[in-house]
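# Survey of secondary and tertiary structure
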Amino acid sequence: MSTADAVAGVLWVGVTLYAVFGGADFGAGFWSLFAGRSERGERVRSLIDWAIGPVWESNHVWLIFVLVVLWTAFSGAFAAVFSTLFIPLSLAALGIVLRGSGFAFQRLAPGPRERRVSRALFGLSSLLTPFFMGTVVGAVASGRVPLGNAEGDPVTSWVNAVSLLTGALFVATSAYLAAVFLVSDSRRAGDGDLERYFTTRALGAAVVAGALGLAGLFVFRADARYIYDGLVGEALPLVILSAVCGLGVLALLRRGAHRGARVLAAGALAAMIWAWGVAQFPYLLPETLTVSAGAADPDTLTEVLIVFAAAVLFVIPSLGLLYALTQRSVLEGEVAAPRPKGSVEG
Amino acid sequence: MSSQLLPARQQMAFTLGFHIILACLGVAFPAIMLIANYIGLRRDDPVALELARRWSKVAAVTVAVGAVTGTVLSFEFGLLWPEFTKRFGEVFGVLFTIEGIFFFLEAIFLTIYIFGWKRLTGWKHFWTGVPVAICGIGGAFSVVAVNSWMNQPQGFTLGADGAVTDVDPLKVIFNNAVPYEVPHMILAAYLVTCFLVASVYAVGMLRGRRDRHHRLGLLIPLTVGCILAPVQFIVGDTAAREIAKDQPIKFAAMECVQTTSTDVTEYLGGRCTDDGVKGGIGIPGLDSWLVGFSTDTQVTGLDTVPAKDRPPANTLLHWSFDFMVGVGSALIGLGLWFGFVWWRRRDIPQTKWFLRAVAVSGVATVLAMEAGWIVTEVGRQPWIVYEVMRTEDAVTGASGIWVTFGLVVVLYAALGAAMILVLRSMARRWRQGESLDEQVPYGPGEGAPSPVERGSE
Ligand code: HDD
Ligand code: HEM
Ligand code: HEM
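Residues numbered from 1 in each chain as written. Chains lettered and ligands numbered in written order. Predicted model: local features only at pLDDT ≥ 70, side-chain atom pairs only at ≥ 80, totals over all residues. Heavy atoms only, no water.

## Some words on the packing of helix H9 (residues 225–232) of chain A against helix H11 (residues 261–280) of chain A
All names here are of chain A. Where H9 meets H11, the axes come as close as 8 Å, and the angle between the chain directions of the two elements is 115 degrees. Two packed elements cross with a definite hand, and for H9 against H11 that hand is right-handed. Residues Tyr-226, Ile-227, Gly-230 and Leu-231 of H9 lie in contact with H11, whose contacting residues are Met-272, Ala-275, Trp-276, Ala-279 and Gln-280. Considered class by class, the residues forming the contact of H9 with H11 number seven nonpolar, two polar and no charged. (Axes fitted to C-alpha atoms, helices over the stretch in contact; angles between N-to-C directions. Helix = DSSP H or I, 4+ residues; strand = E, 2+ residues; numbered from the N terminus. Left-handed = near helix turned anticlockwise from the far one by under 90°. Contact = heavy atoms within 4.5 Å. Nonpolar A, V, L, I, M, F, W, Y, C, P; charged D, E, K, R; others polar.)

Right, here's the structure in full:
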């Protein structure tokens, strides 16, 4: 394995972590958007607030990590993607601003109306941001991003079947993942009603995501042949692993099992992302630019690997500490755990 | 293609100018908050602890906005300047990868600190905040060093086709401009934070709230700020001399030096024109003296390079520089006033005029910091990488940047307004005695998260 391949692997680790942790955050926003105004809707939103409040900011740094490694190690691909896909990426950036600030403001805003607006923005942008990111991925996968400065079509590059379907798949997957995570969080908060609420939604989202994935296979076969061939070729074991994990989650949820669903759900997503990576390898931009051709100077690549090692040494244990403290509910801010059903609103 | 240059520069400048204010708070606020926390624990002072706790809640808001606006900047490296990033990403990216680690640790420990007030105990909790302050400085180093590298590019070789080879990460990280630019910016972050926080409490005191809470809230940041202001002056003065040597055209533009000569006049204010400064106060020989401690020092003029290689908006640069130095000097004056009264009376000066001066110092420091960035960035033009790559060659070929710029301005205006509203409403609720999370710092811990009443509703 060359240094460039190793750095591509590091990049993919970052993508996976962002998809899992960032994805679950986006999905939580999705459920907040559709929770409605009922008493239970309020409880759903408090639960979401309480569950992701301490972790969303750190989860979001994975995106920065991915961007920075991409432009440092594979700057040609970065420039090509960001210039051709100017529109969806600008929209995604604006979505990130709305999402982060909406989330930060929703519980501190001065009045109920302001709070509602913040929540709505948080929810809506949680839906749109992963959608636009998905269209970008679809554009890359279907080979619509030529090298150079804005050489691709600014619109059809991301408004096409592969992109739109990938966008929808991203939304569905994050909703599914978030629902599975929120089942555990409901349990942690001792709210059996919400536990059932999210179990139903996790099952529903799983069906939608699965259906979109299947439809995706056909669309990819027609329009992103290189990736399709990889997915049913070398990457097939990973695709199967992903499906098995996904089915395992369904089984666990139906049985109301207390353990394992979260890990399996994350595993299903991670396996899918690595399947995509294997299918796309050795290309950064399918059939245009390979990892080795697009890689930076060797000294830069080595530096990226050293920094990654430092990250593993310092960041991973710190993140572990953060998650452990959160899971043990040592960390608490303005938002107390949501009240179980039956307690009076006021 | 270069029709996109103007909106791209406007958008970059606007988003950076916005982010940097929050970044300053992100760098320095944790340290100020830890000082209050330290005093609180050491002297068993509940007022100081309460200040630290409230400041950490404020930091939670500003850091969230800082994080999202920072993410936009990362996108902009591709959205606005793909050619720049394509060619030099592998050079300056080295620094951004390091910054990534600092951001991570900063975000993680800040969260633990902010959310740990209830269940972590005294000193243990204090120590979770210390990495935040350290990482703030580390992060600032890494990003600002990128800017220094744009001003003094080195650590790579350009091939015949313009491609970069032989990257030397250490030379990139410790480039020539780092020794003055990085400390100057970190100090600026501390000054901005200190005077902004102090000004908030000064306004409160002017409105008659002279309790201990306000006095301590004023005293802590003001003391730190007044100690650092003279240091900043020395660092800035050194920076100016280095720039006269390393980036002579920038220096000529900010001092309006048209022709290379000795015994050059230093102008305060005035309008820069092709044949010298119109208006303003001129002090003959001072400019030469400032550069080389002798009126015989030769200062390079703008005439040494063709017009297309000179920075635009000469008068703006000159005024920005003068404004920054003016504010820097005024802050030192404020510190002297404060120090003198403290020495005589062991107390904050109680006059309305002192409080008024502190009340405006916050905004003035922010403006000085923005002015400094205008000097650095506009003064480097037309180069994005000094004498290596022109800004017009770096810009995206995508169209529609006026549209995104418009969206960004509207969105950020709303964001800024919302943030101020939120902070003010938090302050109001605190004043009304609500504690926003109904628990005193280090209060008795409870077991599992009990479904208690939600605060602040
Ligand atoms: C709190 C704000 C503040 C204050 C009081 C000062 N500065 Fe400053 N200055 C900045 C904040 C700043 C900055 C953060 O905006 C800049 C932009 C780039 C940088 O590293 O620092 C800057 C840049 C900057 C530059 C250009 C650096 C470059 O192009 O690389 C010079 C020559 C000075 N400053 C000089 C001074 C002097 C002589 C001061 C005397 C008091 C001074 N500054 C006070
Ligand atoms: C440390 C980090 C910074 C980096 C890496 C950076 C980078 C850049 C880049 C790439 C550009 C566009 C190209 C160019 O015009 O040269 C730019 C322009 C600009 N930046 Fe910075 N910048 C930094 C900090 C700041 C800050 C904090 C401000 C605050 C006000 C600022 C103000 C500007 C302005 C005014 C321009 C436009 C200059 C012009 O086009 O005339 N920069 N910067
Ligand atoms: C082109 C220049 C810049 C880029 C690309 C950039 C990028 C970013 C990004 C991506 C974040 C979010 C990190 C997170 O999610 O926690 C961020 C936050 C931050 N940035 Fe910047 N930044 C730039 C300029 C600066 C400058 C000049 C400074 C400091 C002097 C700075 C200091 C910070 C700090 C302290 C934070 C932490 C969040 C906060 O406290 O507000 N940044 N920046």
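## Here's the deal with the pattern of salt bridges
Residues and elements named next belong to chain B. Summed over all chains, the structure comprises 20 salt bridges over all chains. Two residues, Asp-168 and Lys-171, come together in a salt bridge whose shortest N-O distance is 4.0 Å. Note that Arg-380 and Glu-377 form a salt bridge whose closest N and O atoms lie 3.2 Å from each other. On the criterion of helical spacing, the pair formed by Arg-380 and Glu-377 is a turn pair, its members being three residues apart in helix H11 (residues 352–380). The pair Arg-380 / Glu-377 is uniform in exposure class, with both members buried. (Salt bridge = Lys/Arg side-chain N within 4 Å of Asp/Glu carboxyl O. Buried < 20%, exposed > 50% of the residue type's maximum accessible area, 1.4 Å probe, protein only.)

## Concerning the interface of chain A and chain B
Each side of the interface is counted separately: chain A has 74 residues, and chain B has 78 residues. Between chain A and chain B, roughly 6600 Å² of surface is buried when both sides are summed, and carbon and sulfur atoms account for 71% of that area. Linking chain A to chain B there are zero salt bridges. Where chain A meets chain B, there are 11 residue pairs in polar contact (both at pLDDT 80 or more). Of all the secondary structure elements, the ones that give two or more residues to the side of chain A that touches chain B are helix H2 (39–52), helix H3 (56–73), helix H4 (75–84), helix H5 (86–106), helix H6 (112–141) and helix H13 (298–327) of chain A. Top element by residues in the side of chain A that touches chain B is H13(A). It accounts for 14 residues. Its residues assigned to classes, the side of chain A that touches chain B shows 44 nonpolar, 18 polar and 12 charged. (Buried area = accessible area lost by both parts, 1.4 Å probe. Polar contact = N/O pair within 3.5 Å; in protein donor to acceptor, adjacent residues only side chain to side chain.)

## Some details on the site of ligand 3
Residues in close proximity to ligand 3 total 25 residues, the closest being His19(B), Ala23(B), Gly26(B), Ser74(B) and Phe103(B). More than one chain approaches ligand 3, the contributing ones being chains A and B. His19(B) has a polar side-chain atom sitting 3.0 Å from a nitrogen atom of ligand 3. Contributing elements (two or more residues each) for the shell around ligand 3: H3 of chain A together with helix H1 (5–42), helix H2 (46–79), helix H3 (82–115) and helix H4 (122–151) of chain B. Partitioned by chemical class, the residues of the shell around ligand 3 number 17 nonpolar, seven polar and one charged. (Near = heavy atom within 4 Å.)

## With respect to the site of ligand 2
Residues and elements named next belong to chain B. With respect to spatial proximity, 22 residues lie near ligand 2, and among them Arg-9, Leu-16, Glu-377, Arg-380 and Gln-381 are the closest. The contact in question runs from an oxygen atom of ligand 2 to an N or O atom on the side chain of Arg-9, over 2.3 Å. For ligand 2, a nitrogen atom lies 2.5 Å from a polar atom in the side chain of Glu-377. Elements that contribute at least two residues to the shell around ligand 2 include exactly H1, H4, H11 and strand E7 (383–385). It is H1 that provides the largest number of residues to the shell around ligand 2, a total of six residues.

## Observations regarding the confidence of the model for chain A
For chain A, mean pLDDT is 85; residues scoring 70 or higher make up 95% of the total. Under a pLDDT of 50 for its full length, residues 334–346 of chain A has, in the predicted model, 41 contacts with residues more than four places off or in other chains. (pLDDT = per-residue confidence, 0-100.)

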